[in-house]
Amino acid sequence: QGVRGRDREDAFARCLDALFEAVQVAETQESAEAYIRNITHYIFSTEVQRASSRELSTSSSSRRHPGVMFTCLLDAFAYGLSHDNGTDEKKKVDELVRSLIKDLIAMADKPDVGLMDVRPILNQVANKIISLCLEESRIAKTAGCEGIKFMAQLPGLGVRWITERIADVVRSLLFVLKDMPFD
């Protein structure tokens, strides 16, 4: 019988969240990182293929909406970045997510993949990071600010990324400042 419909998506999302939590445990860190890297590579590759096939499609709505697995992965990134179990454990997740984003950018160097194929995926990742600034928890806001800083410092893409999203970035950072305590 198996899992059907929305339950399948929820189960996958919970598995990804659990993997990000497993990265923060010393005994399971190595295997959890390997699983996350493999899953992420598969999902990024699938999205790149969808992006290149979407160029052939004339439907603009198919160009804007990411796949279900990619959406779950973005939610897991947000969960991992905004989940606080301690400074050292959080750094492990931060480094992993940064490494995965760099892997995505490195995909553009492959002969059969261009920057324009990777760019929509990178935009979705960036939008998810920016949206962390709009969350209620201080940890999520901090993760969003750190993510913006990381994206801005990416070699070759940082300045361009900030320039294209200046209004969203400023709005998100002002939202964070508005909610900061006065001390």
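Anything mentioned here points back to the structure above.
Here we summarise the structure given alongside this text. None of these values were measured; they are calculated from a predicted model.

Basis of the calculations
Residues numbered from 1 in each chain as written. Predicted model: local features only at pLDDT ≥ 70, side-chain atom pairs only at ≥ 80, totals over all residues. Heavy atoms only, no water. Phe/Tyr/Trp six-rings, centres within 6.5 Å; stacked < 30°, edge-to-face > 60°. Helix = DSSP H or I, 4+ residues; strand = E, 2+ residues; numbered from the N terminus. Buried < 20%, exposed > 50% of the residue type's maximum accessible area, 1.4 Å probe, protein only. Core = buried A, V, L, I, M, F, W, Y, C linked by side-chain atoms within 4.5 Å. Contact = heavy atoms within 4.5 Å. Salt bridge = Lys/Arg side-chain N within 4 Å of Asp/Glu carboxyl O.

A separate point is the packing of aromatic side chains. Overall, the coordinates contain two aromatic pairs when judged by the stated rule. Ring geometry for Phe20 against Phe77: centres 6.0 Å apart, planes inclined by 85 degrees, an arrangement best described as edge-to-face. With Phe20 in helix 1 (residues 6–22) and Phe77 in helix 4 (residues 68–81), the pair connects residues that are 57 residues apart, well separated along the chain. What makes Phe77 buried here is its relative accessible area of 4%.

All right, on to the nonpolar core then. Phe20, Phe44, Phe70, Phe77, Ile101, Leu104 and Met151 are the most contacted members of the largest nonpolar core, which totals 47 residues. Where this core is concerned, the elements lending two or more residues are helix 1, helix 2 (29–56), helix 4, helix 5 (87–107), helix 6 (115–132), helix 7 (138–152) and helix 9 (166–178). Setting aside chain neighbours within four positions, we find Phe70 in contact with Ile43, Phe44, Glu47, Ile121, Gln124 and Val125.

Enumeration over the complete set of coordinates arrives at eight salt bridges. Put simply, Glu164 and Arg119 hold a salt bridge, and the shortest N to O gap is 2.2 Å. In this pair, Glu164 is assigned in helix 8 (residues 158–164) and Arg119 in helix 6, connecting sequence segments 45 residues apart. Of the charged contacts, one joins Asp179 and Lys178 as a salt bridge, the two residues approaching to 3.3 Å between their closest N and O atoms. Residue Asp179 is classed as partly exposed on the basis of its relative accessible area, which comes to 38%. Connected through salt bridges with shared partners, the residues Arg119, Glu164 and Arg165 form a single ionic network.

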